[in-house]
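A closer look at the structure
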Amino acid sequence: MANKAGADEASAPSQRRTLDPRVVASRERVLAAALDLMTETGLGGLTIDDVSKRSGVAKTTIYRHWPNRTALIIDTCLQMTDGDEDPPDTGSIEGDAKAILTELAELLFTARWSSITPSIVDAAERDPKIAEVHGRLQRWHAAPLRAALERAVHRGEISADADLSAIAAALRGPLYFRRWFSREPIDENFLDLIIQSVLAGCRLGDT
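Residues numbered from 1 in each chain as written. Predicted model: local features only at pLDDT ≥ 70, side-chain atom pairs only at ≥ 80, totals over all residues. Heavy atoms only, no water.

Concerning the nonpolar core
Val51, Leu72, Ile167 and Leu175 are the most contacted members of the largest nonpolar core, which totals 57 residues. If you list the elements that add at least two residues to this core, you get helix H2 (21–41), helix H3 (48–55), helix H5 (69–77), helix H6 (93–110), helix H7 (112–124), helix H8 (128–155), helix H9 (164–182) and helix H10 (188–200). Considering every element that reaches this core, the biggest residue donor is H6, with 8 residues. (Core = buried A, V, L, I, M, F, W, Y, C linked by side-chain atoms within 4.5 Å. Buried < 20%, exposed > 50% of the residue type's maximum accessible area, 1.4 Å probe, protein only. Helix = DSSP H or I, 4+ residues; strand = E, 2+ residues; numbered from the N terminus.)

The following block contains the structure:
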């Protein structure tokens, strides 16, 4: 019992430091500054010196929170969660897909993660830790459409044997291509063409 009490007392200061509002505030300033810099320069241009200058937090304090630059980048990337996590329920997979892709199209041109993602993809090719974070972000962004497709299976609109991952990729992929490769507009006609083309072959009763 004495040992346990001593351990509890020893851990209490650490817990208080973790919950100290000043610590929380400095972490938030650092993450906000890092996100601003990543938006401007991508991952490759991010330095601890610049984050310190932008945030007003000393480098020694930053290194107490994050042991290295990669750790800070990972935490900053995980802040990029714009958009609605809950899929809309319009009553049909066409309506759900249209609502989800319309929001995605807007975020691709307005959200900060859109301008940072190409540098994340580039870094992920060489850094397994960044690759893991990239995968987590992509799964998060794909979750609403995946949930809408699963609901379509339960409604009997799509076969239970359908490859939902492939359908989701076919729906979302063209938007990414236009945003980061062809740089063409993503308008309503384009979204309707994608949805009709992809869903036409996977609805129950279609051949």
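Looking at H8
With 28 residues, H8 extends 39 Å between its outermost C-alpha atoms, agreeing within 8% with the 40 Å of an ideal straight helix rising 1.5 Å per residue. Along H8, the sharpest change in direction is near 45 degrees and occurs at Ala143; proline Pro144 comes one to four residues later. Where H8 is concerned, the buried positions are Ile130, Val133, His134, Gly135, Leu137, His141, Ala142, Pro144, Leu145, Ala148, Leu149 and Ala152. The opening residue of H8, the one whose side-chain oxygen lies 2.9 Å from the backbone nitrogen of Lys129, is Asp127. Immediately beyond the C-terminal end of H8, within one or two residues, lies Gly156, with a positive phi of roughly 85 degrees. (Expected span 1.5 Å × (residues − 1). Bend = angle between axes of the 7 residues up to and from the residue. Polar contact = N/O pair within 3.5 Å; in protein donor to acceptor, adjacent residues only side chain to side chain.)

Quick notes on the packing of aromatic side chains
If you walk through the whole model with that rule in mind, you get 2 aromatic pairs. Aromatic side chains Tyr176 and Trp180 sit 5.3 Å apart centroid to centroid with 25 degrees between the ring planes, which places their arrangement in the stacked category. On the criterion of helical spacing, the pair formed by Tyr176 and Trp180 is a turn pair, its members being 4 residues apart in helix H9. A relative accessible area of 15% means that Tyr176 is categorised as buried. Ring centres of Phe177 and Phe181 lie 5.8 Å apart, and the angle between their planes is 15 degrees; on these two criteria the pair is classed as stacked. Here Phe177 and its partner Phe181 are both found in helix H9, 4 residues apart, which amounts to about one turn of the helix. When its relative accessible area of 48% is taken as the criterion, Phe177 is described as partly exposed. One cation-aromatic arrangement involves Arg178 over Phe190; the distance from NZ or CZ to the ring centre is 3.9 Å. The side chain of Arg179 reaches across the aromatic face of Phe109, ending 5.3 Å from its centre. (Phe/Tyr/Trp six-rings, centres within 6.5 Å; stacked < 30°, edge-to-face > 60°. Lys NZ or Arg CZ within 6 Å of the ring centre and 35° of its normal.)

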